[in-house]
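Chain and residue survey
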Amino acid sequence: MVLSEKLKRQIDLLPDKPGVYEMKDAADAIIYIGKAKSLKKRVSQYFLRPQSGKVFAMVSHVDHFDFIIVHTDKEAFILEMNLIQTHYPRYNVIMMDDSHYPYIALRRSDAFLKISRRSSDRRYFYFGPFPNATDAYRTIDLLNSLYPTRKCRTMPKRPCLYFHMGQCLAPCVNPIGEATYGNLYSSIKRFLDGDVVDAVKDLRAKMRKASDEERYEDAESYKETLEAVERTVSKQTVELSGDRVNRDVVAYAEREGYVALSVLTYRHGLLLGKKVKVVPSFGEVGEQLAELMEQYYRNVDLPSEILCKVPGFAEEFLGVYPTAVVKAPFEGRLLELIDLAALNARQGLDAHFMSARLDDDDLALLEGLGRLLGIKTPYRIELFDNSHLQGSNPVGAMVCYVNGEPAKGMYRKFHLERKDAGDDYHSMKEIVFRRYSRLKESGSSYPDLILADGGLIQVHACEEALGEAGVSIPVFGLRKNDRHQTDGLVDRNGNAFPLNGKSPLFFLLMRMQDEVHRFAISFHRAERRKAMHSDLFDGIKGLGERRKETIRQHYPTIDALKGASLEELRQFLPESVARSLFDEVRKR
């Protein structure tokens, strides 16, 4: 490419120091953020070397760049991620969302089990993380049914149903010795470590005894639990005999401008699951995989070792995580694990290429949307909706899409003024004004496009709100036909932009519309449920916020609470409070 004089001068001024750089287009919008051990070497490479694919597309849009000098690679990584999650540039790839993978947490003092997203409390033994959260919940349910663990988070005044089922020692009324808790803790820990011989033996004995006593329902229940144990163990039998090392195995597959990253999670030598992420290829594979794995370990504890044979990975990764142990085996069983990870990466890439989502090519669709509406390509789109029930509990919601993918960290919820409850026009105006006046005050970037659900009237509401906020952003509405089906877009002047109901662009916009509906409705339901409970709870002495939340968790609807017996309520509440709540529910 031919360098402009502006870029030549900026490249000459680059320092040979670590830092973060921001590539910007002619409109001064940030299109890519990266980190570098040497700003001079990394940034100049983009312009002085031949590029292809996504890198070429990015470089061709660069008008100028800025940079920030830091002291270390770790500082550069932290700054880079903070800036990316503030601006969401169009060419940056995010490895994962902000969720933390779940662990099974086993309390050392009393063998209490729970699901935890953090592993920092030293009072617990942690097993995980589980790349698939469902596996964690299934396993903890199985453990709670196998062992007489305490199930109640708050200690009741009398034994609960689990005690009568033989699944709890009832520490609420029975003194439990340290030796008993110690044996229980050891048994559960052995199970998690893959030693299920004692559990299987005990279940088979109980199943035979129940069958001999003609308690066939109990025998069937034990049989189902036994099968669940065997399924759990069979999923974990991809293990290294005698090898209890916690390790992650990283490999990749590449095809036609896309790269699939596969991470196999082994803990105590057992395979807990995999994570496969397919992203557009961007630059050197080793550097890109290292950057993706750096993001991955923001929310996951580093294992004892990482297996990866990708050239350039270790050097790049260790700059951010210098205490990590990265190995590149060339023979033996560890090499077989890398081959297994690579197989999963290839299968993930195959599945991605066969999916309609890849065929759509979201970035190309967004470019087409920009041409259709006569605006610049809307890489970042924000959609608004509001929800209420006959004016009660009015709420608003906003979802954000970047490069055609939901950016859930940028979703927002709004409690609305009750005086305008039920007035969709003023509700839309309120949430749009609040959103963009805040962005303006904080100096944050704006989206490329606002989509309002509700057609022309809601477009006018958005336009009025933006005018009062002093912000200019293109606004279009999702227009519905006579059958109340979305069939196109509409601008402020009522001009219609029809959409082919079978086109990929139509389905992309429908996914966005469905998402903002879902987000708004789920928020409204949660607020309505809270309001219904709060109204019921008012005036009940001794029912504080913590107890209210416990009741809401166990009885999410008023109908569910109406079905609760006094005995059940006594498990969560003191006698007098349980009685008062029970009587109040019956009155209603």
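Residues numbered from 1 in each chain as written. Predicted model: local features only at pLDDT ≥ 70, side-chain atom pairs only at ≥ 80, totals over all residues. Heavy atoms only, no water.

Right, let's talk about helix H4 (residues 73–87) for a bit. Taking 1.5 Å per residue, 15 residues should reach 21 Å; H4 reaches 21 Å between its end C-alpha atoms and fits that length. Among all positions in H4, only Asp-73, Ala-76, Phe-77, Glu-80, Met-81, Leu-83 and Ile-84 are buried. Projected down its long axis, H4 carries its buried residues within an arc of 165°, all on one side. Here the buried face of H4 lies against strand E1 (19–24), strand E2 (30–36), strand E3 (64–69) and helix H10 (285–296). Looking one or two places after H4, you find Tyr-88, whose phi comes out positive at around 45°. (Helix = DSSP H or I, 4+ residues; strand = E, 2+ residues; numbered from the N terminus. Expected span 1.5 Å × (residues − 1). Buried < 20%, exposed > 50% of the residue type's maximum accessible area, 1.4 Å probe, protein only. Arc of directions from axis to C-beta. Contact = heavy atoms within 4.5 Å.)

Now for the sheet that holds strand E4 (residues 103–107). Strand order in the open sheet formed by three strands is E5-E4-E6, and the pairing between neighbours is antiparallel. Here the strands that pair on one side only, and so sit at the sheet edges, are strand E5 (113–116) and strand E6 (124–127). Adjacent strand axes in the sheet meet at a mean angle of 30° when their direction is disregarded. With four bridges joining them, E4 and E6 adopt antiparallel strand pairing. The residue bridging Leu-106 from the neighbouring strand is Phe-125, located in E6. Where helix H5 (residues 133–146) meets the sheet, its contacts fall on E4 and E5, and the angle it forms with E5 comes to roughly 170°. Sitting on the sheet, helix H7 (residues 178–192) touches E4, E5 and E6, and the angle it makes with E4 is about 160°. (Pairing = 2+ DSSP bridges. Axes fitted to C-alpha atoms, helices over the stretch in contact; angles between N-to-C directions.)

Let's shift gears to the nonpolar core. One broad trend across soluble globular proteins is that nonpolar side chains are buried collectively. Within the largest apolar cluster, 32 residues are counted, with the highest numbers of intra-cluster contacts made by Leu-289, Met-293, Tyr-297, Phe-313 and Phe-317. The dominant element in this core, judged by the number of residues it contributes, is H10, at six residues. Beyond its immediate stretch of four places on either side in the chain, Tyr-297 contacts Asp-248, Leu-302, Pro-303, Ile-306, Phe-317 and Tyr-321. (Core = buried A, V, L, I, M, F, W, Y, C linked by side-chain atoms within 4.5 Å.)

Residues in a regular strand point their side chains to alternate faces of the sheet. Sheet analysis places strand E7 (residues 247–255) next to strand E8 (residues 258–267), joined by nine bridges and oriented antiparallel. Of the residues in E8, the one forming a bridge with Tyr-252 is Leu-261. The turn joining E7 and E8, which pair antiparallel and follow one another in sequence, is formed by two residues; a positive phi near 45° is taken by Glu-256. Relative to strand E10 (residues 305–307), E7 is paired through three bridges, and the arrangement is parallel. Bridging from a neighbouring strand, Val-249 pairs with Leu-307 of E10.

Before going further, it helps to examine the packing of helix H1 (residues 5–12) against helix H2 (residues 39–48). The contact between H1 and H2 brings their axes to 10 Å, and the two run at 155°. In terms of orientation, H1 and H2 fall into the roughly antiparallel class. Once H1 is placed against H2, the crossing between them reads as left-handed. Between H1, through Leu-7, Ile-11 and Asp-12, and H2, the contact on the second element is made entirely by Lys-40, Ser-44 and Phe-47. Taken together, the residues of the contact of H1 with H2 sort by class into three nonpolar, one polar and two charged. (Parallel < 35°, antiparallel > 145°, perpendicular 65-115°, else oblique. Left-handed = near helix turned anticlockwise from the far one by under 90°. Nonpolar A, V, L, I, M, F, W, Y, C, P; charged D, E, K, R; others polar.)

Another aspect to go through is the packing of aromatic side chains. Applying the stated criterion across every chain yields a total of 18 aromatic pairs. Ring plane angle 65° and centroid distance 6.0 Å describe the contact between Phe-127 and Phe-130, whose orientation is recorded as edge-to-face. With respect to class, Phe-127 is no different from Phe-130; both count as buried. Taking 6.2 Å as the distance between ring centres and 75° as the angle between the ring planes, the aromatic pair formed by Tyr-297 and Tyr-321 counts as edge-to-face. Here Tyr-297, found in the loop between H10 and E10, pairs with Tyr-321, found in the loop between helix H11 (313–318) and strand E11 (326–327); they are 24 residues apart in sequence, far enough to count as distant. Residue Tyr-297 is classed as buried on the basis of its relative accessible area, which comes to 5%. Pairwise contacts between aromatic rings join Phe-77, Tyr-296, Tyr-297, Phe-313, Phe-317 and Tyr-321 into one cluster. Directly above the aromatic system of Phe-125 lies the positively charged group of Lys-189, at a separation of 4.7 Å from the ring centroid. (Phe/Tyr/Trp six-rings, centres within 6.5 Å; stacked < 30°, edge-to-face > 60°. Lys NZ or Arg CZ within 6 Å of the ring centre and 35° of its normal.)

Residue Pro-129 is bonded to the preceding Gly-128 through a cis peptide linkage, with omega at 5°. By the secondary structure assignment, Pro-129 is in the loop between E6 and H5. Despite not being glycine, Asp-28 has its phi angle at roughly 70°, a positive value. With respect to the element layout, Asp-28 can be found in the loop between E1 and E2.

Evaluation of the coordinates by the stated rule reveals 28 salt bridges. Two residues, Lys-6 and Asp-63, come together in a salt bridge whose shortest N-O distance is 2.8 Å. One end of the pair, Lys-6, is in helix H1; the other, Asp-63, is in the loop between helix H3 (53–60) and E3, with 57 residues separating them in the sequence. Relative accessible area serves as the criterion here: at 35%, Lys-6 is assigned to the partly exposed category. Assessed through its relative accessible area of 24%, Asp-63 is described here as partly exposed. Salt bridges sharing common partners tie together Lys-35, Arg-42, Glu-287, Glu-291, Glu-294 and Glu-316. (Salt bridge = Lys/Arg side-chain N within 4 Å of Asp/Glu carboxyl O.)

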